[in-house]
Amino acid sequence: MAASDNASRSGNNGPSDDPNNSSPAPSEISTIALSLVGTFVAARCLAVVSRLATVLAAPLAGFYLMTTCPTNESFDAKRELKRVLRGYYKSDTDPSKPKNFLEKALAKVNATVEAEAAAFAGCNVEIVDLLGLVKLASINNSITQTSYYFLGAVNKWRYIMAKDFPSKQTKKD
């Protein structure tokens, strides 16, 4: 009898203290359930707020892009071509970007000569307006067989990429 009194006093006979019993107490289940329901409600509220912000922000962003879209006349093909050719848009870590004064001066002279030759040869400049939001400009240089692409948005023209186009060769019979 003394052993059962000691066991009941120490609390070893209760259902929650049994190591083989893995079911949580009812208060733990209700806490977990409330946490799950609260998480679900919070996620739904965030989703609604996110959709509302998107619905409000998209027209405002479109209006901003429309009002700040550069004009076709603001695109100076010769100036932009010079910038590309002298390495203005290359990253500082690019090994082909001119570093010192002499390299920069030579790159500037090279760019000026090539841009003037392209202008003299009649490079083709095309500007495409995309819904009044942004403009895409391309310069097709027939001398180097290269196309240069620029994006016009937010009152600026930004260089995107250069792409070589294949030369048109006639087949000989």
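Thresholds, definitions, all that
Residues numbered from 1 in each chain as written. Predicted model: local features only at pLDDT ≥ 70, side-chain atom pairs only at ≥ 80, totals over all residues. Heavy atoms only, no water. Phe/Tyr/Trp six-rings, centres within 6.5 Å; stacked < 30°, edge-to-face > 60°. Lys NZ or Arg CZ within 6 Å of the ring centre and 35° of its normal. Pairing = 2+ DSSP bridges. Helix = DSSP H or I, 4+ residues; strand = E, 2+ residues; numbered from the N terminus. Axes fitted to C-alpha atoms, helices over the stretch in contact; angles between N-to-C directions. Core = buried A, V, L, I, M, F, W, Y, C linked by side-chain atoms within 4.5 Å. Buried < 20%, exposed > 50% of the residue type's maximum accessible area, 1.4 Å probe, protein only. Contact = heavy atoms within 4.5 Å. Salt bridge = Lys/Arg side-chain N within 4 Å of Asp/Glu carboxyl O.

1. Regarding the packing of aromatic side chains
How two aromatic rings sit relative to each other is set out by the distance from centre to centre and by the angle between their planes.
Okay, so step 1: Using the criterion set out here, one finds five aromatic pairs in the structure.
Okay, so step 2: With centroids separated by 5.1 Å and ring planes inclined at 85°, the aromatic side chains of Tyr 88 and Tyr 89 adopt a geometry described as edge-to-face.
Okay, so step 3: Feature note: the residues Phe 75, Tyr 88, Tyr 89, Phe 150, Trp 157 and Tyr 159 constitute an aromatic cluster, connected by ring pairs.
Okay, so step 4: The ring of Tyr 88 is capped by Arg 83, whose NZ or CZ atom sits 5.2 Å from the centre of that ring.

2. So, the sheet that holds strand β1 (residues 124-130)
Okay, so step 1: Ordered in space as β1-β2-β3-β4, the four strands form an open sheet in which the pairing is antiparallel. Pairing within the sheet leaves two strands with one partner each, and these edge strands are β1 and β4 (156-164). Neighbour-to-neighbour, the strand axes of this sheet turn through a mean angle of 20°, independent of strand direction.
Okay, so step 2: With seven bridges joining them, strand β2 (residues 134-141) and strand β3 (residues 146-153) adopt antiparallel strand pairing. If you follow Asn 141 over to β3, its bridge partner there is Thr 146.

3. Let's talk about the nonpolar core
Across soluble globular proteins, nonpolar side chains show a tendency to be buried alongside one another.
Okay, so step 1: Core analysis: the largest hydrophobic core is formed by eleven residues, namely Phe 75, Ala 77, Leu 81, Val 84, Ala 115, Ala 118, Ala 137, Ile 139, Tyr 148, Phe 150 and Trp 157.
Okay, so step 2: Broken down by secondary-structure element, the contributors of at least two residues to this core are α3 (77-85), α4 (101-121), β2 and β3.
Okay, so step 3: In contact with Trp 157, other than residues within four places in its own chain, are Pro 70, Thr 71, Ser 74, Phe 75, Glu 80, Tyr 89, Ile 127, Lys 135, Ala 137, Phe 150, Leu 151 and Gly 152.

4. Looking at the pairing of β2
Okay, so step 1: Taking burial as the measure, the eight residues of β2 include seven buried ones, the bulk of the element.
Okay, so step 2: Bridging between β1 and β2 involves seven bridges; their strand directions are antiparallel. What sits directly across from Asn 124, in β2, is Asn 140.
Okay, so step 3: Between β1 and β2, which follow one another and run antiparallel, lie three residues, and Leu 131 among them has a positive phi close to 60°.
Okay, so step 4: In sequence, β2 turns back onto β3 through a hairpin of four residues, with Gln 145 there showing a positive phi of about 55°.

5. A short note on the side chain of Ser 138
Okay, so step 1: Mapped onto the elements of the fold, Ser 138 is located in strand β2.
Okay, so step 2: In this structure Ser 138 comes out as buried when scored by relative accessible area, which is 8%.
Okay, so step 3: Setting aside anything within four residues of it in sequence, one finds Ser 138 in contact with Asn 124, Val 125, Glu 126, Tyr 148 and Tyr 149.

6. Brief notes about the pairing of β4
Okay, so step 1: Here β3 pairs with β4 via eight bridges, running antiparallel. Following the sheet pairing, Gly 152 is matched in β4 by Trp 157.
Okay, so step 2: Counting the residues that bridge the hairpin from β3 to β4 gives two residues, and of these Val 154 lies at a positive phi of roughly 55°.

7. Focus on the pattern of salt bridges
Okay, so step 1: Applying the stated rule across the entire model yields four salt bridges.
Okay, so step 2: Between Arg 79 and Glu 80 there is a salt bridge, with its nearest N and O atoms 3.6 Å apart.
Okay, so step 3: Look at Arg 79 and you get partly exposed, because its relative accessible area is 37%.
Okay, so step 4: By relative accessible area, which is 1% here, Glu 80 ends up buried.
Okay, so step 5: Salt-bridge contacts for Glu 80 lead to Arg 83; the nearest nitrogen and oxygen are separated by 3.7 Å.

All quantities given are derived from atomic positions and should not be read as evidence of function.
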